[in-house]
Each structure stands twice: as C-alpha cells, then as structure tokens.
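Survey of secondary and tertiary structure
Residue-level listing of the chains:
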Amino acid sequence: MPELPEVELVARALERALHGQRIASAKLIRAGLAPDNTPQEFARALRGARVCEVGRRGKFIVVRFDGGQVLLTHLRMTGQFKMLRPSQPLPKHTHALFNLDDKSRLAFTDQRHFGLMKIARASELEQTKELRGLAPEPFSDDFTPDYLARVLARTRRMLKSVLLDQTKVTGLGNIYAAEALFLARVNPFVTAAALSRRRVPRLHRAILDVLCEAVSYVRARDVDLENLESNYFSGSGSGWRVYDREGEPCGGCGALVRRVAHAGRSTYFCPRCQRR
Ligand SMILES: [Zn+2]
C-alpha cells in the first residue's frame, strides 16, 4: 500500500498534469469506488470544473476545484492514476475516467477494488468521515514530541501498531514504520505506553527523518504519469535499512535483520540495535 511519500509523489504528478485544466466530463464506472456519491452526482459535480490544486492529507489525495468541490482519493492497495495516450483503449480495471478539456484522459484503475473516491464541498472537507479522525500531518507544527508522547502513553497496544494507526500518526505504513523504529533503535513489539518518555523525541525525530528523506527523494525525481506504478516504493535512493532485508546484515551493527509475521504483516528489525 502506498505510504505518505508515495501518495505525495502521485499528488505532485497529478498537480503537474492537471493544474489549471478543466474537466470536460467525468465518469464513475464502478459505483462502489465512490459509495457516498451516485455516478450522476459524480459526473455533475466535476463537469466543467477547473483544477485549482492537487494536494494530500494523510494518505488521501485531495483535488480542489474552482467551484468549491473537492475530490478525495485513497489509493489503498492497487489504485492508480494513469494518463492515457490519445488512442489508447481504457486499461483493464478502469473504475473512473476524467476527460480533460485538452482532450487528454486520466483513468483511475484499481485491480483489487479497495480504492476510494468521494466528492465533498471544500467547506466540509475536514469534517468528512475520511479526514476528521486523522492525526496531525507529520510535517505540521501540531506533530510534536509532546503530542507523540501523549498518544503513546495512552495505549497498551504494540508500538508499531500505534505508528500504523492513522488516527494516532498519519502517513506511516509498514515500510516507514519499520524504518523509523530502526532509526530510533526502538523495538517494534514493545507496549507503546512502556516506551520511556526520554526515548520519544528520538522516535519522533526518526519518523520525520524517514518521511522527509523519502519525500525529498520522490520530489527530486521525474514522474511518468503513464507509468506511475514503476515509481512506487523504490526506496530512498540507497534502499531500505531493514525493510525487506531479512537475513541481511544490519548497516549499524552487522547482526542479521529479522522478520516477524504479526497480524498478517511482516515486521523487520535488527535484533541487536532494537533490543528494547
Ligand atoms: Zn543492528
């Protein structure tokens, strides 16, 4: 599943492709993609709307239009935007199609059907059920070491699960949670509330560092909207520190990186650097 940096990458690619463009017509092909809007509402809301800005909130892509409408999109497992070449037939699993004024076409494909779209009014955006519970953006002033300490102190859940909970910390998924915990030298399986208060700032710093590193890497790259999937998850230049490196030596101490399967996910960590 794309995490914050990958969603940022897609949002920026869309911003470049769509900024100032008008949507001639939009079609919701699989109604279940936008369960809170009918296909008619979807088409009516977007017809003739000009794109003002494409941004991101958590892992949602937020497209704002001049009429005050907003299109929220969550890519989930397999959602992808694809700019189509002029005579290209619709790709398989196209669930929404946007015909732009300049005759170009943007398709949203979703092989696994977990993606989500929603049309909302800009004035109601923060109150939508999708966004209202989200934790502060990691790069905002509200995401402080104190905030993180308060969140962690309140729960007996496993630390890594708390980092993945978007209502507690926004933007981390399985990859960057593992990377941040490694960088902070914290064991992923400890109880969140048991993490000592003085270690929280280091974890906070590590979360920002891994996200910042990945976002800068993503921003520096040329993105091909006709082939976005090849741009997902290529690591931050030199690749991951522990994620997907089971059995390889840890760059910090040389011990072999371990993988533990838990609740359907794999957790990668260094047994020596992240002993507790
Ligand atoms: Zn190590």
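In this report, we go over the structure that sits alongside the text. Within every chain, residues take consecutive numbers counted from 1 along the sequence as written. With the structure being a predicted model, the display of local features is reserved for residues of pLDDT at least 70 and the display and counting of side-chain atom pairs for 80 or more, all residues being used for whole-chain, interface and lining totals. As a rule here, side-chain values cover all heavy atoms of the structure and leave hydrogens and water aside.

**Thoughts on the sheet that holds strand 6 (residues 94-100)**
- Spatial ordering of the open sheet is given by 1-6-7-5, a layout of 4 strands whose pairing is antiparallel. Each of the sheet's edge strands pairs with one partner strand only, and the pair in question is strand 1 (23-28) and strand 5 (79-84). Direction aside, neighbouring strands of the sheet carry axes that sit 15 degrees apart on average.
- Bridge count for strand 6 against strand 7 (residues 105-110) is 5 bridges, and the pairing is antiparallel. In the strand pairing of strand 7, N99 is matched with R105.
- Together, strand 5, strand 6 and strand 7 form the strand contacts of helix 1 (residues 4-18), whose direction differs from that of strand 5 by roughly 25 degrees.
- Its contacts with the sheet place helix 2 (residues 39-46) against strand 1 and strand 6, and it is angled at close to 165 degrees to strand 1. The criterion for strand pairing is that DSSP finds at least two bridges linking the strands in question. Numbering of helices and strands starts at the N terminus; helices are DSSP runs of H or I of at least 4 residues and strands are runs of E of at least 2. Axes here mean lines fitted to C-alpha atoms, for a helix over just the part in contact, with angles spanning 0 to 180 degrees between N-to-C directions. Contacts were defined at the residue level, with two residues in contact if any of their heavy atoms lie within 4.5 Å.

**Observations regarding helix 3 (residues 145-153)**
- Burial here depends on accessible area, computed with a 1.4 Å probe over protein chains only, as a share of the maximum for the residue type. Under 20% is buried, over 50% is exposed, and the range in between is partly exposed. Of the positions making up helix 3, those classed as buried are Y147, L148, A149, V151 and L152.
- Buried positions along helix 3 lie against helix 4 (159-164) and helix 6 (200-219).

**Concerning the pattern of salt bridges**
- In the sections that follow, a salt bridge refers to a side-chain nitrogen of Lys or Arg positioned within 4 Å of a carboxyl oxygen of Asp or Glu. All chains considered together, the criterion is met by 18 salt bridges.
- Across the pair R56 and E8 runs a salt bridge whose closest N-O atoms are separated by 2.8 Å. A residue pair is termed long-range when its members are at least 10 positions apart, and R56 in strand 2 (residues 51-57) and E8 in helix 1 qualify at 48 residues. By the burial criterion, R56 is buried, and E8 matches it.

**Brief notes about the sheet that holds strand 3 (residues 60-65)**
- The sheet built from 4 strands is open, its strands ordered 2-3-4-8 with antiparallel pairing. Unpaired on one side and paired on the other, strand 2 and strand 8 (116-121) mark the two borders of the sheet. When the angles between neighbouring strand axes are averaged without regard to direction, this sheet yields 20 degrees.
- Direction of pairing for strand 4 (residues 69-74) relative to strand 8: antiparallel, over a ladder of 6 bridges. Note on strand 8: the bridge partner recorded for V70 is A120.
- Helix 1 contacts strand 2 and strand 3 of the sheet and is inclined by roughly 175 degrees relative to strand 2.
- Contacts from helix 2 reach strand 3, strand 4 and strand 8 within the one sheet, and its direction differs from that of strand 8 by about 55 degrees.

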